[in-house]
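Residue-level structure breakdown
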Amino acid sequence: MNATWEKFCTDLLEVGNILSDPIVPQDPLTQAEGVRYLSRLLRYATINCVEYTDPRWPQFTSAPNPNMMTKLGADNPDNIYMRANISGKYTYRITGTRGTIPLITFGSRVNRYHIDGTMLQTGDLHIHDLEVDENGRFEFIASVDEPAEGAWLPLAPDSNLISVRQTYADRRAEVPGELSIECLDPDGEFVPLIEDELGWRLDRAIGMLKGSAATFLEWSRDFMPQPNEIFDRGQEQFQKAGGDPTIFYFHGYWKLAEDETWVIETEVPNCEYYNFVLQNFWVESLDYHRTNIYINNHTAKLNDDGTLTIVVSAKDPGFGNWINTDGHAEGTWAMRWIKADSHPIPTSKVVTL
């Protein structure tokens with residue numbers, strides 16, 4: 001057997017140990033979703049560590065990608081996530097069309113998921129900061145040194161990733177932007193792939209798989225002791241994993257019996273976007289293509305006084321905004337306020353119906 005492939009398969013086998021961690025529920029659904037989760041992480045890792053790795057010829061890839069069913073780290077069902085492998089050594093021009101999606105954000109990062117499951121922020125830029133011409137086109141420079149003119153996404157010398165979030169309010173009606181990226185100062189010539197280089201890329205893919213799985217297993221470990229509670233855990237943990245600095249995050253754990261309903265009440269701040277998403281143990285959103293497992297500021301129905309009621313249960317209780325547990329008895333959840341002028345903390349209780 002080819003030694004590179006054999007090493008990759010051996011390393012991959014070890015990742016499965018996560019399924020038997022003491023905190024992981026051993027019911028058939030959680031275990032089946034765990035195996036599927038690892039296969040999704042592997043897809044994500046190989047797309048981004050084996051393909052498109054040369055920072056001189058980057059491309060934007062869409063992963064995590066709901067159409068490819070790659071989900072990672074409290075994915076937002078309303079987001080198109082895009083990323084490009086880059087280097088702070090070079091200067092890049094990003095061009096695109098605006099589309100009609102309300103929110104687009106760009107970030108430069110030091111991606112360390114293959115090392116320790118973290119992602120350090122080195123620069124951010126928002127669509128509102130860009131000049132969009134009459135044809136809906138825009139461009140900006142990403143570099144360590146600020147250009148003499150025009151919009152700029154700062155890079156650090158060790159930046160290795162540009163990440164993009166496009167956030168829908170209404171997927172059925174809105175058109176996403178299109179993006180391309182070009183390195184303006186590539187050095188050297190293209191070198192055909194050799195086995196040593198491929199081995200390095202596969203090792204990095206395994207590192208990303210392990211780092212991602214370990215990071216979000218620890219999130220579940222942190223959240224589990226306080227099921228069905230909502231409080232501000234601080235933002236550092238979520239920003240370290242690559243969160244957008246304009247987002248205020250709530251994360252936690254939920255656990256319900258078949259006849260129980262989790263009732264969440266909150267004021268709604270003045271903000272550009274909010275949502276609530278129900279997730280499984282592996283911090284993946286549930287199947288939003290098939291059933292109602294999340295709401296956002298476009299779909300939510302507010303109470304007469306402007307407050308919001310969310311109800312999480314196996315069956316529709318007949319009030320509030322119902323979130324379907326979809327055959328799950330426990331898991332994680334996420335709530336976001338984006339560009340909010342305040343961050344109200346929801347109250348919640350479990351009732352038997």
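Our structure is the block above this text.
A brief report on the enclosed structure follows. Per-chain numbering applies: the sequence of each chain, read as written, is numbered from 1 onward. In keeping with the predicted nature of the model, local features appear solely for residues at pLDDT of at least 70, side-chain atom pairs appear and are counted solely at 80 or more, and the whole-chain, interface and lining totals rest on all residues. With hydrogens and water stripped out, all remaining heavy atoms of the structure feed into the side-chain values.

**Some thoughts on the layout of surface pockets**
With a probe scaled to a water molecule rolled over the atoms, the places where space remains empty come into view. Residues are called lining when one of their atoms sits within 4 Å of a cavity or pocket point, these points coming from a 1 Å grid over the protein atoms alone, where a cavity is a set in which a 1.4 Å probe fits but cannot get out and a pocket is an open set with protein on both sides within 12 Å along at least five of seven lines. Grid points are joined across faces, edges and corners, and a volume is the space filled by probe spheres set on the points. There is about 590 Å³ of room inside the largest pocket. A run of DSSP states H or I qualifies as a helix once it reaches four residues; a run of E qualifies as a strand once it reaches two. Both are numbered from the N-terminal end. Broken down by secondary-structure element, the contributors of at least two residues to the lining of the largest pocket are helix 2 (28-49), strand 1 (79-85) and helix 3 (195-223). Sort the elements by how many residues they give to the lining of the largest pocket and helix 3 lands first, with 5 residues. Counted as a void, the second largest pocket has a volume near 430 Å³. Elements with a minimum of two residues in the lining of the second largest pocket: strand 12 (294-296) and strand 14 (321-324). Residue classes in the lining of the second largest pocket are distributed as 6 nonpolar, 7 polar and 5 charged. In the scheme used here, Gly and all other residues not listed as nonpolar or charged are polar, with Ala, Val, Leu, Ile, Met, Phe, Trp, Tyr, Cys and Pro taken as nonpolar and Asp, Glu, Lys and Arg as charged.

**Quick notes on the packing of helix 2 against helix 3**
The N-to-C vectors of helix 2 and helix 3 enclose an angle of 135 degrees; their axes lie 8 Å apart at closest approach. One way to sum up the angle between helix 2 and helix 3 is to call them oblique. In this structure, the crossing between helix 2 and helix 3 has a hand that is right-handed. On helix 3, the residues that touch Tyr37, Leu38, Leu41, Leu42, Tyr44, Ala45, Thr46 and Cys49 of helix 2 are Arg201, Arg204, Ala205, Met208, Leu209, Ser212, Ala213 and Phe216. Residue classes in the contact of helix 2 with helix 3 are distributed as 12 nonpolar, 2 polar and 2 charged. Fitted lines through C-alpha atoms serve as axes, helices being fitted only where they are in contact, and the angles separating the N-to-C directions of these axes extend from 0 to 180 degrees. What sets the label is the angle itself: under 35 degrees gives roughly parallel, over 145 gives roughly antiparallel, 65 to 115 gives roughly perpendicular, and the rest give oblique. Take the far helix as your reference; a near helix turned counterclockwise from it by less than a right angle gives a left-handed crossing, and one turned clockwise gives a right-handed crossing. Pairs of residues are marked as contacts when any of their non-hydrogen atoms sit within 4.5 Å.

**Here's the deal with the nonpolar core**
It is characteristic of soluble globular proteins that their nonpolar side chains tend to be buried jointly. Only buried residues count toward a nonpolar core. Its members are Ala, Val, Leu, Ile, Met, Phe, Trp, Tyr and Cys residues joined through side-chain atoms within 4.5 Å. A 1.4 Å probe rolled over the protein chains alone gives each residue an accessible area, and that area as a share of the maximum for its type sets the label: buried under 20%, exposed over 50%, partly exposed in between. In terms of nonpolar packing, the biggest core is built from 40 residues, with Ile18, Leu38, Leu41, Phe216, Trp219, Phe281 and Trp282 touching the most fellow members. Listed by contribution, the elements that provide at least two residues to this core are helix 1 (3-15), helix 2, helix 3, strand 9 (247-255) and strand 15 (330-338). If one sorts the elements of this core by residue count, helix 3 sits on top with 10 residues. With residues near it in sequence (within four places) discarded, isoleucine 18 still touches Val24, Leu38, Ala213, Leu217 and Trp282.

Spatial relationships are all this shows, so hold off on functional conclusions.
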